[in-house]
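Structure assessment
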Amino acid sequence: MANGQWYPPEWPDRIRALAEGSLTPVAPKRAATVMLLKDSSAGTGPSVHMLRRRASMAFAGGAYAYPGGGVDPRDEQQIRWAGPTRAWWAERLGVAAAEAQAIVCAAVRETYEEAGVLLAGPTGDSVIGDTTGDDWEADRAALVARDVSFAEFLDRRGLVLRSDLLGAWTRWITPEFEPRRYDTWFFVAALPAGQRTRNASTEADRTVWIRPTDAAASYDKGELLMMPPTIATLRQLTPYDSAAEALAAAPTRDLTPVLAQARLENGEIVLAWPGHDEFTKHIPTGGTPA
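So, a few notes on the structure that sits alongside this text. What you are looking at is a predicted structure, and each value in this text was computed from that prediction instead of being measured. (Residues numbered from 1 in each chain as written. Predicted model: local features only at pLDDT ≥ 70, side-chain atom pairs only at ≥ 80, totals over all residues. Heavy atoms only, no water.)

1. Remarks on the environment of Ala-97
- Note on placement: Ala-97 falls in helix H3 (residues 97–115).
- Ala-97 sits in the partly exposed class, given a relative accessible area of 36%.
- Along the backbone, Ala-97 and Glu-76 are 21 residues apart, and their C-alpha atoms lie at a distance of 9.4 Å.
- Once you skip the residues sitting within four places of it in the chain, Ala-97 turns out to touch Arg-86 and Ala-90. (Helix = DSSP H or I, 4+ residues; strand = E, 2+ residues; numbered from the N terminus. Buried < 20%, exposed > 50% of the residue type's maximum accessible area, 1.4 Å probe, protein only. Contact = heavy atoms within 4.5 Å.)

2. Description of the pairing of strand E9 (residues 182–190)
- The element E9 is largely enclosed, with a buried count of seven among its nine residues.
- In this structure, strand E8 (residues 167–173) lies alongside E9, joined through six bridges in antiparallel fashion. Looking across to E9, one finds that Ala-168 is bridged to Phe-187. (Pairing = 2+ DSSP bridges.)

3. Examining the pattern of salt bridges
- In total, this model carries 20 salt bridges according to the counting rule given.
- For Arg-146, the salt bridge goes to Asp-72, with nearest N and O atoms at 3.2 Å. Here the residue Arg-146 occupies a position in the loop between helix H4 (134–144) and helix H5 (150–157), and Asp-72 occupies one in the loop between strand E4 (68–70) and strand E5 (81–82), the gap between them amounting to 74 residues.
- Asp-72 gets classed as buried once you look at its relative accessible area, which sits at 10%.
- The shortest N-O distance in the salt bridge between Asp-220 and Arg-235 comes to 2.7 Å. Taken together, the residues Asp-220 in helix H6 (residues 212–220) and Arg-235 in helix H7 (residues 228–237) connect sequence positions 15 residues apart.
- Judged by its relative accessible area of 39%, Asp-220 falls in the partly exposed class.
- Linked by salt bridges that have partners in common, Asp-72, Arg-74, Asp-75, Arg-109, Glu-110, Glu-113 and Arg-146 make up one network. (Salt bridge = Lys/Arg side-chain N within 4 Å of Asp/Glu carboxyl O.)

4. Topic: the side chain of Asp-183
- In this fold, Asp-183 is placed in strand E9.
- Assessed through its relative accessible area of 7%, Asp-183 is described here as buried.
- At 2.7 Å, the side chain of Asp-183 and the side chain of Arg-171 are in polar contact.
- For Asp-183, the contacting residues outside a window of four places in its chain are Pro-28, Lys-29, Arg-30, Ala-31, Arg-171, Trp-172 and Ile-173. (Polar contact = N/O pair within 3.5 Å; in protein donor to acceptor, adjacent residues only side chain to side chain.)

This is the structure we're talking about:
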């Protein structure tokens, strides 16, 4: 492997089946993931929080990713809300208002479930300072188990979701030949003062704070395994000198979905992600990708 690009061995067969018309794509599930950033005291630029998915995971086992997951239908419930309106988010994300709320809610909820970081506060201009302790852990576990909705959790705690602490960054859709598909919005956010991350996810066996340039260099050496959206977003973060800079850039980011395309060309399958030439794979009809 020349780099750390995640590439499942079953992809060539599934791509051929899709090209031949014998594979029907499954509908992608909406999801959200958050690139949580924090600045270093050395002034070397922000680090991003990443987790390594357990090797036993059916999807992207062993790959590094960000906290995130699928939208819960209850993420559309009436919720304590601060920041840009649902209508503003609907226009930004290109969906209806209720769907926009659900995507933003999923981003905040999943960050809390998987990293223990909560983008919410008692008021619209404050953020909770500490989310550690047995009572917080019990609430987090109840969210993970879907015993309570995020709206119910915020109500009980007297908190409001701070949508203004998120910046929509990019959107990727899992290729049509994948058995598990997600329509995922990527967000950026800064680690709130007083909070700290922890490995709260049962799907991860390791978490790290790492500079995007260092993570990308390790991917290039084949040391860190990543899916195309992860390494692509890491490279996009490298120009920024602070978390605030990245957040300030988010509103102008293009959210046109990135969807891999597979085509037959000169006796081989060409797998490409538009706008991301580094991920292009040439798959011989009877061989391995190059």
